[in-house]
Amino acid sequence: MIRRQALVLLTLVGLLVATYLWLYKIGVLGQLQCGTGSCEFVQASRYAELFGLPVALYGVGGYAVLLVLGLAGLQPRFVGDRRVTRLLAALATVGFAFTLYLTAIELFVLHAICRWCMASAVIMTAIWVLSILEQRSRPSVAAPSR
Amino acid sequence: MKGFYLLLGAVALIGGGVLWYGSQAKPERGGAGNGGAAPLPVAATDGFRGYTLGSDSAPVEIREYSDFECPFCAAFATVQMPVIREQLIATGKVRWRFRDFPLPTHQYSRYAALAGQCAGEQGKFWELHDRLFTQHQWAQTGKNPRSPFRDFAREAGLDLDKYDACMDGQRYAARIQASVQEGEAAGVRGTPSFFVNGRPYSGRGTSDDFKALVDSLTKPHK
């Protein structure tokens, strides 16, 4: 249960970070508070869009789905439901793979680091680790018999 | 469990509040060297039709769709364009209009286009345009060109604080996107692409060929 709570909390923070990047991308926020990083450079590159949509929007969508699923998994009727656990692990793995791809682009293609993107990468990695640990752990509460 | 939901609500409230404040505070935000409020991103509908060289009354207009990272565009700008400027633009025969068409296959072309627009904001578009093309090594290293672009901006005499504020805010991103859409609608598929008096030009992109075409268009009818 504690792992799922941590996962939900991390997902909410990730959703806020992705929303921040998305609002910047669509011009609602004037500047990114990036310190000495290269946020604006990364956001101006062609890799900041995928299939015509801002990458951050995929982040918003992904975190939102994980958040809804995580919150559902905290409800008493789903606490012991392994399907929720498996679905969370599957979605987190997709998110983690996407994060690896984006981080590789920053490090090896753009040679620039966007701190907010890295924050999101760390959060998604933690979510993935938690979801895998949850997946491998024994169910604390037996799933309903039907 | 109740404590957890309280914590979750607090995080959501604080985070949402910060985002809301950020969106509301934008018009007042200004950098130290930004001369006050940071201008809003320029909308695609600002009516901008590209930077021009030459007389407004020139009988021929050549519109170029170009990509600063494209090697063919650089070759054209450095080899053919000086002759075209001298023989066709300076003589009042041609007005040259530059339109951004950053290709999605290039890593930094959109960033370079932003740099051009931010230089244009300070009346130095062509100065930066020339540097981006004549010192094209930045496009071959594969490295982040932020630093060389700032050097170009400095050399061109730009106010770097204003330039940085413009770049950081991606102030002209929508304008560049509008230029790309305009090009796509006109049938542009690669760069450089040219339109002469609004018609697609499919000839060779050499100064001689442009001169021959312009001469034929401007020759008085007998």
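Residues numbered from 1 in each chain as written. Chains lettered and ligands numbered in written order. Predicted model: local features only at pLDDT ≥ 70, side-chain atom pairs only at ≥ 80, totals over all residues.

Broken down by element type, chain B carries nine helices and five strands. The N-to-C order of helical and strand elements in chain B reads α-β-β-α-β-α-α-α-α-α-α-β-β-α. Taken over 222 residues, chain B has a buried fraction of 37%. Within chain B, residue pairs in contact and separated by at least 24 positions form 81% of the contacts whose partners lie at least 6 positions apart. (Helix = DSSP H or I, 4+ residues; strand = E, 2+ residues; numbered from the N terminus. Buried ≥ 20, exposed ≤ 12 C-beta atoms within 10 Å, placed from the backbone. Contact = placed C-beta atoms within 7 Å.)

Here we take up the environment of B:Thr206. By the secondary structure assignment, B:Thr206 is in the loop between strand 5 (199-201) and helix 9 (207-218). Residue B:Thr206 is classed as partly exposed on the basis of its C-beta count, with 14 C-beta atoms lying within 10 Å.

At the interface, 24 residues of chain B touch 25 residues of chain A. Breaking the side of chain B that touches chain A down by element, the ones donating at least two residues are helix 1 (2-25), helix 3 (109-121) and helix 7 (160-168) of chain B. Residue contributions to the side of chain B that touches chain A peak at eight residues, all from helix 1 of chain B. Each residue belonging to the side of chain B that touches chain A can be placed in one class, and the counts come to 11 nonpolar, seven polar and six charged. (Nonpolar A, V, L, I, M, F, W, Y, C, P; charged D, E, K, R; others polar.)

It is worth spelling out the packing of helix 4 (residues 125-134) of chain B against helix 6 (residues 146-155) of chain B at this point. For any two helices packed against each other, one specifies the inter-axial angle together with the distance between the axes. Residues and elements named next belong to chain B. With their axes 9 Å apart at the nearest point, helix 4 and helix 6 run at an angle of 135° to one another. The pairing of helix 4 with helix 6 is recorded here as oblique in orientation. Crossing hand, helix 4 versus helix 6: right-handed. Contacts from Leu128, Arg131 and Leu132 of helix 4 reach helix 6 at Phe152, Ala153 and Glu155. Partitioning the contact of helix 4 with helix 6 into residue classes produces four nonpolar, no polar and two charged. (Axes fitted to C-alpha atoms, helices over the stretch in contact; angles between N-to-C directions. Parallel < 35°, antiparallel > 145°, perpendicular 65-115°, else oblique. Left-handed = near helix turned anticlockwise from the far one by under 90°.)

On the secondary structure map, A:Ala97 appears in helix 4 (residues 82-110). Expressed as a C-alpha distance, the spacing of A:Ala97 and A:Thr125, which sit 28 residues apart in the sequence, is 9.3 Å.

Residues and elements named next belong to chain B. Between Thr191 and Pro192 the backbone carries a cis peptide bond, its omega angle lying at -5°. As for its position among the elements, Pro192 is in the loop between helix 8 (173-186) and strand 4 (193-196). Positive phi, close to 50°, is recorded for Asn197, a residue that is not glycine. On the secondary structure map, Asn197 appears in the loop between strand 4 and strand 5. Under the C-beta neighbour-count criterion, Asn197 is labelled partly exposed, with 13 such atoms within 10 Å.

All names here are of chain B. Strand order in this open sheet of five strands is 1-3-2-4-5, and the pairing throughout is mixed. Of all the strands in the sheet, just strand 1 (51-53) and strand 5 have a single pairing partner and so form its edges. Averaged over all pairs of adjacent strands, the angle between strand axes in this sheet comes to 30°, irrespective of strand direction. The pairing of strand 1 with strand 3 (residues 94-100) spans three bridges and is antiparallel. Bridge pairing in strand 3 links Leu53 to Trp96. Along the sheet face, helix 2 (residues 71-89) touches strand 1, strand 2 (60-66) and strand 3 and points at about 155° away from the line of strand 3. (Pairing = 2+ DSSP bridges.)

Confidence in the prediction of chain A, expressed as mean pLDDT, is 84, and 87% of residues score 70 or more. Note on residues 142-146 of chain A: pLDDT under 50 across the span, and four contacts to partners over four residues away in sequence or across chains. (pLDDT = per-residue confidence, 0-100.)

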